[in-house]
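# Breakdown of the fold
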Amino acid sequence: MNNIVNLPSYLEQSDAVRERFERIKQREVILEVKNLGKTYKTAKGEVTALKDVNFKTHRREFVCIIGPSGCGKSTLARILAGLESHTSGEVLVDGKPVNGPGRDRGMVFQGYTLFPWLSVRRNVMFGLEMNGSLREEAAREADLWLELVGLEKFANAYPHELSGGMKQRVAIARALVNQPRVLLMDEPFGALDAQSRAKMQQHLLEIWRNVDITIVFITHDLDEAIFLADRILVLKAHPGEVQELIEVPVPRPRSAQQYVSPEFLATKARLESLIHPPTPPVDEQAEAVKPRMIRFVNVEDNVE
Ligand SMILES: Nc1ncnc2c1ncn2[C@@H]1O[C@H](COP(=O)(O)OP(=O)(O)OP(=O)(O)O)[C@@H](O)[C@H]1O
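Owing to the predicted nature of the structure, the values given are computational and were not obtained by experimental measurement. (Residues numbered from 1 in each chain as written. Predicted model: local features only at pLDDT ≥ 70, side-chain atom pairs only at ≥ 80, totals over all residues. Heavy atoms only, no water.)

With 58 residues, the main nonpolar core has Phe62, Ile172, Ile215, Phe217 and Ile232 as its most contacted residues. Excluding its chain neighbours within four sequence positions, the residues that come into contact with phenylalanine 62 are Leu204, Leu205, Trp208, Ile215, Phe217, Leu228, Ala229, Asp230, Arg231 and Arg252. Of all hydrophobic cores here, the second largest spans 23 residues; its members include Leu50, Val53, Val93 and Val182. (Core = buried A, V, L, I, M, F, W, Y, C linked by side-chain atoms within 4.5 Å. Buried < 20%, exposed > 50% of the residue type's maximum accessible area, 1.4 Å probe, protein only. Contact = heavy atoms within 4.5 Å.)

The structure is reproduced here in structure tokens:
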């Protein structure tokens, strides 16, 4: 037990959770990142964005990646997507090296990336048609995936008629229609309000339960990572290195009530300690952060 706040250790797992991890580890490896490194050459010299990153994800596993700003999350997402080259190591999907974008990886990003001039159905059909499917066949496929994300009634609507959450559901359908092996999601709910975000998290878990898909989900929100993930890869900044790969001890199915469960809070405390390490003593802090601030008011009574 953690004596200070009376929480269990985040390493403690119930039998059901332990058995589930054992089952996951026996599944085939879908994505493997081996000794991955990325160095940017800038005018001021070299910047090591990622250093010696290693992890594997198993079939139908849900992995979240978190870390402080600048730890290389977006760089890693772009490399996994094949949109950015790496300087060392390799990325394998089903054992094959990733050297560019491919149908084996679907992507959903924070910014809404739907084509505004196409209907919801045509947005979902787009990738299939580009890959040579006939229009009728593509439309049939698109409708199936729209039903899965609960948007079948909006097939003829246009993106501007949808809420942010609905747009991201279309983006998920559009990524899944190509039947990728991995779904890469980079802060996909970052632009949503808190309520829509919570709904989308539930919805994503529901989709994941019904589809043979392995998910790599990047977020800076600790609660979101714990709520969604089987395992959480914690990166540290400068250079972006793996700090820890945490097995989330919160049982499935997940629900909002679990946010205050001891295992949820214990995991959150661990993540907090990794991502926001204890702050320096007050004196040093004051020196470090006290900005020289201009006063724009000239009144006697202060606000505090
Ligand atoms: N195109 C680039 N050229 C030079 N340096 C870069 C480039 N892209 C990223 N970097 C640097 O690489 C490091 C990792 O950046 P990255 O954007 O991947 O981090 P991040 O964890 O996604 O940050 P945030 O959470 O703030 O978006 C940072 O030091 C950043 O300044």
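So, on to the site of the ligand. Of all residues adjacent to the ligand, which total 14 residues, the nearest are Ser69, Gly70, Lys73, Ser74 and Thr75. Between a nitrogen atom of the ligand and a side-chain N or O atom of tyrosine 40, the distance comes to 3.5 Å. A distance of 2.5 Å separates an oxygen atom of the ligand from a polar side-chain atom of serine 69. Only strand E1 (29-42), strand E2 (45-58) and helix H2 (73-81) provide two or more residues apiece to the shell around the ligand. With four residues, H2 is the largest single contributor of residues to the shell around the ligand. Of the residues contributing to the shell around the ligand, the split by class is five nonpolar, seven polar and two charged. (Near = heavy atom within 4 Å. Polar contact = N/O pair within 3.5 Å; in protein donor to acceptor, adjacent residues only side chain to side chain. Helix = DSSP H or I, 4+ residues; strand = E, 2+ residues; numbered from the N terminus. Nonpolar A, V, L, I, M, F, W, Y, C, P; charged D, E, K, R; others polar.)

This part is about the pattern of salt bridges. Applying the stated criterion across every chain, the model contains 24 salt bridges. The salt bridge involving aspartate 212 is made with arginine 59; its shortest N-O contact spans 2.3 Å. Residue aspartate 212 is found in the loop between helix H6 (194-210) and strand E8 (214-218), and its partner arginine 59 is found in the loop between E2 and strand E3 (62-66); the two are separated by 153 residues along the sequence. For arginine 59, a relative accessible area of 27% translates into the label partly exposed. Within this structure, Glu28, Arg59, Asp94, Arg181 and Asp212 form a network of salt bridges that share partners. (Salt bridge = Lys/Arg side-chain N within 4 Å of Asp/Glu carboxyl O.)

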